[in-house]
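Topology and contacts: notes
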Amino acid sequence: MSTEDVIDIIVNEKVVSNDVLSNNIVPDVTVVKENPLVNALDATVVLNVIANSSNMEEKKEKEDKVGEKEVQEKVSSKECVASTDTTKRAKPTLALAHWKTYYFKNNVLFITVSQCPNLKGILETMWESLFEKKKPAFQNVEDGQRQLQQQLLKQAMPMLVILDDVWSRSSLDKLLFEGRGYKTLITTRDISIIPKNPYTKLYELPVLGQQDAMSLFCFWAFGQTSIPETADANLVMEVQAECGGLPLALKVIGSTMHGEPRVAWERAKKRLSKGESISDYHREGLLACLAISIDLLDDTVRECFLDLGSFPEDKKICADALLDIWVNVRKLEWQDAFVILLELASRNLLNLISNPRNQAAISYGNASELYFLQHDVIRDLALYLGLRDSAAHSKRLLMPRKESSLPQKWNLVTNKTFDAQIVSIHTGPMNETQWDEMNFPETEVMVIVFAASEYFLPPFLKSMKKLKILMVFNYGSKRATLKGIHALSLLTQLKVLRLERLIAPPVEIQNKAIQNIEKLSLSLCEGFESTSTLISNKLQDFNLDHCSDLEVLPPGICNIQFVQMLSVTNCHLIQNLPSDLGSMSYLRVLRLSALPGLKELPSSIGNLVWLEYLDISVCEGLKKLPEEIGKLGKLSEFDMRECSRLRRLPRTVCGLGSLKRVVCDEEIGKQWLRAKRFSIPDLEVEIVEAEFNLDWLHD
């Protein structure tokens, strides 16, 4: 059976054929619409495909008679169910829960493909998730596709792979496979990428009906599913009607109107009524509709929202990266910037993802384990509103999508000189000859996003004399080597450097490049254990995360006088910390989380007289705390959860008079409660259970 022979396309939420899956495990399919608030809450979405309750018992009886073996034989090879969801409105939660337990026995994999997919990375993820075997080295996409196909043909079991947000036929072709019991569910906005043939069945997902649309809108606007008696019902219905039944518009506009006075509702109605109808999905119309929610923001919050366009969609980005821009460029205090982050999240303009272990650190100005995601339509909205000026004079020069080179229109600018304050580039591999000479005298933020094992930094970096923040994100499957580092040598104003999935550049180059760095963040990097020259004497905030080859902290780090925050997390090879750790006398926040090899804390830790927050969570190798820990007179919060070998507290902890909160396991918690009774009356002891979370593997 060919690929075309087996592709079914589900494109309709209301009218579902009973023979859609006639050759599959599920003979009848219905999309559940029992609760539109659930089906439409999130902008990341697939399709709620689940057998309807009226047919479930009958189906189960039939399948029981057929028997498990015969049921498996009914699954066609290379079968694919696709949903063209142009409005992005249904969560896969119910589909996943039902199919995992009932049909596919938990063999379900959900993958967001997006407009610019890293296909090799997706294939690697598929291998790791589908097979209980060590992942082979894929030379390229074609090699990965071939090895996956070979492995699937060797086994027979029910498997469901959900490919969400597929944009192109070329991407789809690389991700379809044959296998007995193997099924693919696709969601796409573009029907044209699906091959047309007699076996194709189209079911288009429509916008919500009036009743469901009103329920969803009221949920976000008023916190209930109907119009409250205190509201002007006619005005509410007029504003809701302008959203055209699109859940994303209903959600965003509804959130925007929450708590607003009547005059704001009148203004929203007037602005919305001037736009085009968006009953049929129309990107310009949707963006024009959603733009109303941005117009209601004050100027500062609006500028902060527009900065979201600097980062790729559907990627987990550290919230610190966004906050750095707002603090250093928008001149906001950190706390004020964080409040704006929460406001944008409350308006559903971004989604926040928090690690429960790091929530307390946020109170001390550390958001290194708080992440944000932005829906592609919301990012398009930021681009739509932020790129109205010409390329030469725009405040933000941003590449909307990944391209093989810089946009052609940039080369058409006279003298190739740009006024942009923020520049964001998203490409594949780049060598020195692919860059054009350009001039960016006003640029303060540079965001570089790429997917490659080797990357040459743009030579025009040297023209950015005002550059304060440089972020380099590699979304390739392997760590990348950076070349062209000498371009950084003239960046004397650079204060924030954020590097992800990179290999350390040569030491002699670093000596010239880094002079005034105040904040350095290295994530998923290698080769930085001996790069003390990368560390500026002005460093105040240093973050090392998932640096897999790091065995010791960079030498000389403890000699930096003004460091206030040090975060070393998920570095599994570290066994010991520098004995002179206590020399970092200005340290306020110390995070040593998920260092399973760490054997002890140095006794000099007692010299950290300004330390307010200490995190040693998931340091499973720690067996005891030093007596000197009792000297931390300003320590306010202490997170020591999941330190399974640490069973006794030193008596000196009774001297921690400023301690307000401890998070720990039950056994050690009993000892803290005794300390509370004797000498720390204001202490709150929070007992938590062990948590197992590998979400970072899917970043």
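Read on for an overview of the structure. (Residues numbered from 1 in each chain as written. Predicted model: local features only at pLDDT ≥ 70, side-chain atom pairs only at ≥ 80, totals over all residues. Heavy atoms only, no water.)

Looking only at helices and strands, the chain features 19 helices and 26 strands. Buried residues in the chain amount to 57% of all 699 residues. Residue pairs in contact within the chain that sit at least 24 positions apart in sequence constitute 62% of those at least 6 positions apart. By element, 49% of the accessible surface of the chain is carried by carbon and sulfur atoms, the whole surface being about 29300 Å². (Helix = DSSP H or I, 4+ residues; strand = E, 2+ residues; numbered from the N terminus. Buried < 20%, exposed > 50% of the residue type's maximum accessible area, 1.4 Å probe, protein only. Contact = heavy atoms within 4.5 Å. Areas by Shrake-Rupley, 256 points an atom, 1.4 Å probe, with all protein chains shown as cover.)

A few words on the sheet that holds strand β14 (residues 454-456). An order of β14-β16-β18 is seen for the three strands of this open sheet, with the pairing classed as parallel. This sheet does not close on itself; its edge strands, each paired only once, are β14 and β18 (502-503). Two elements, β14 and strand β16 (residues 480-483), share three bridges in a ladder whose sense is parallel. Opposite F456, over in β16, you have K483 as the bridge partner. (Pairing = 2+ DSSP bridges.)

Here the focus is the nonpolar core. Counting 93 residues, the largest nonpolar core has I616, F638, M640 and W672 as its most contacted members. Ignoring sequence-local partners within four residues, the contact set of M640 consists of I616, S617, L625, L646, L649, V662, V663, C664, I668 and W672. Counting 74 residues, the second-largest nonpolar core is a separate cluster that includes V239, W265, V445 and V449. (Core = buried A, V, L, I, M, F, W, Y, C linked by side-chain atoms within 4.5 Å.)

A few words now on the pairing of strand β22 (residues 589-593). Along β22, five of the five residues are buried, which leaves the element largely enclosed by surrounding structure. Here β22 shows a buried face lined by V589, R591 and S593 and a second buried face lined by L590 and L592. Where strand β21 (residues 565-569) lies against β22, five bridges are found, and the strand directions are parallel. Bridged to S567 within β22 is R591. The pairing of β22 with strand β23 (residues 613-615) spans three bridges and is classified as parallel. Note that in β23 the partner of R591 across the bridge is D615.

Turning our eyes to something else, we now look at the sheet that holds strand β8 (residues 317-318). Strand order in the open sheet formed by three strands is β8-β10-β9, with antiparallel pairing between adjacent strands. Two strands bound the open sheet, and with one partner strand each, they are β8 and β9 (351-354). Where β8 and strand β10 (residues 370-373) come together, two bridges link them in antiparallel fashion. If you follow C318 over to β10, its bridge partner there is Y371.

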